[in-house]
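Results of the structural survey
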Amino acid sequence: QVQLVESGGGLVRAGGSLRLSCTASGRTFSNYAMGWFRPAPGKEHEFVAAISWSRGTTYYADSVKGRFTISRDNAKNTLYLHMTGLNPEATAVYYCASDRHPRAIATTNYFSRALSYDYWGQGAQVTVSS
């Protein structure tokens, strides 16, 4: 019964910015870590970023550090991914996901694995033109 609904995708020029949103329902949003993933060559789900359930600790793939910012608004049951300095390599369908374990205490490695998450959004297309 958990649903994650994404929005905010679109077409942007290289160097531009975009913000994705993911609104959750069906579980206590504030008790679950959340993540963003995208398909990549040889991988169904490549890790992009994650945020913890408690103090908002963030985790990023090396490829997006300094350019992407993950955040959450628990009052709105919404997860965000603010993307800046976009390049064509960022073109992908981005999926939000909810951690399968409530109030998880884990490592960067845990949050970067797709198998750590049990519910997924429908995907938001991001296309970056050069």
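This text follows the structure it describes.
The text that follows walks through the structure, step by step, so that each part is easy to find. Just so you know, these numbers come straight off a predicted model, no measurement behind them.

Some points on the sheet that holds strand β7 (residues 68–73)
Judged by pairing direction, the sheet is antiparallel, and its 4 strands sit side by side in the order β1-β3-β8-β7 without closing on themselves. Both outer strands of the open sheet, β1 (3–7) and β7, are each paired with one neighbouring strand and no more. Neighbour-to-neighbour, the strand axes of the sheet open up by a mean angle of 15°, direction not taken into account.

Some thoughts on the environment of threonine 69
Mapped onto the elements of the fold, threonine 69 is located in strand β7. The class of threonine 69 is partly exposed, set by a relative accessible area of 41%. Put simply, threonine 69 and alanine 50 are 19 residues apart on the chain and 9.6 Å apart in space, counted from C-alpha to C-alpha. Excluding residues within four positions of it along the chain, threonine 69 makes contact with Tyr60, Tyr80, Leu81 and His82.

Thoughts on the nonpolar core
If you look at the biggest cluster of nonpolar residues, it comprises 40 residues, and the most contacted ones within it are Leu20, Trp36, Phe68, Leu79, Leu81 and Tyr94. The dominant element in this core, judged by the number of residues it contributes, is strand β5 (residues 43–51), at 5 residues. Excluding residues within four positions of it along the chain, phenylalanine 68 makes contact with Arg38, Val48, Tyr60, Leu81, His82, Met83, Thr84, Leu86, Ala90 and Tyr94.

Observations concerning unusual backbone geometry
Phi is positive for asparagine 77, close to 55°, though the residue is something other than glycine. Looking at the secondary structure, you find asparagine 77 in the loop between β7 and β8 (78–83). The exposure class assigned to asparagine 77 is partly exposed, which follows from its relative accessible area of 26%. Notably, arginine 103 is not glycine yet its phi reads approximately 50°, a positive angle. The topology assignment puts arginine 103 in the loop between β9 (92–99) and α1 (108–111).

Calculation rules
Residues numbered from 1 in each chain as written. Predicted model: local features only at pLDDT ≥ 70, side-chain atom pairs only at ≥ 80, totals over all residues. Heavy atoms only, no water. Pairing = 2+ DSSP bridges. Helix = DSSP H or I, 4+ residues; strand = E, 2+ residues; numbered from the N terminus. Axes fitted to C-alpha atoms, helices over the stretch in contact; angles between N-to-C directions. Buried < 20%, exposed > 50% of the residue type's maximum accessible area, 1.4 Å probe, protein only. Contact = heavy atoms within 4.5 Å. Core = buried A, V, L, I, M, F, W, Y, C linked by side-chain atoms within 4.5 Å.

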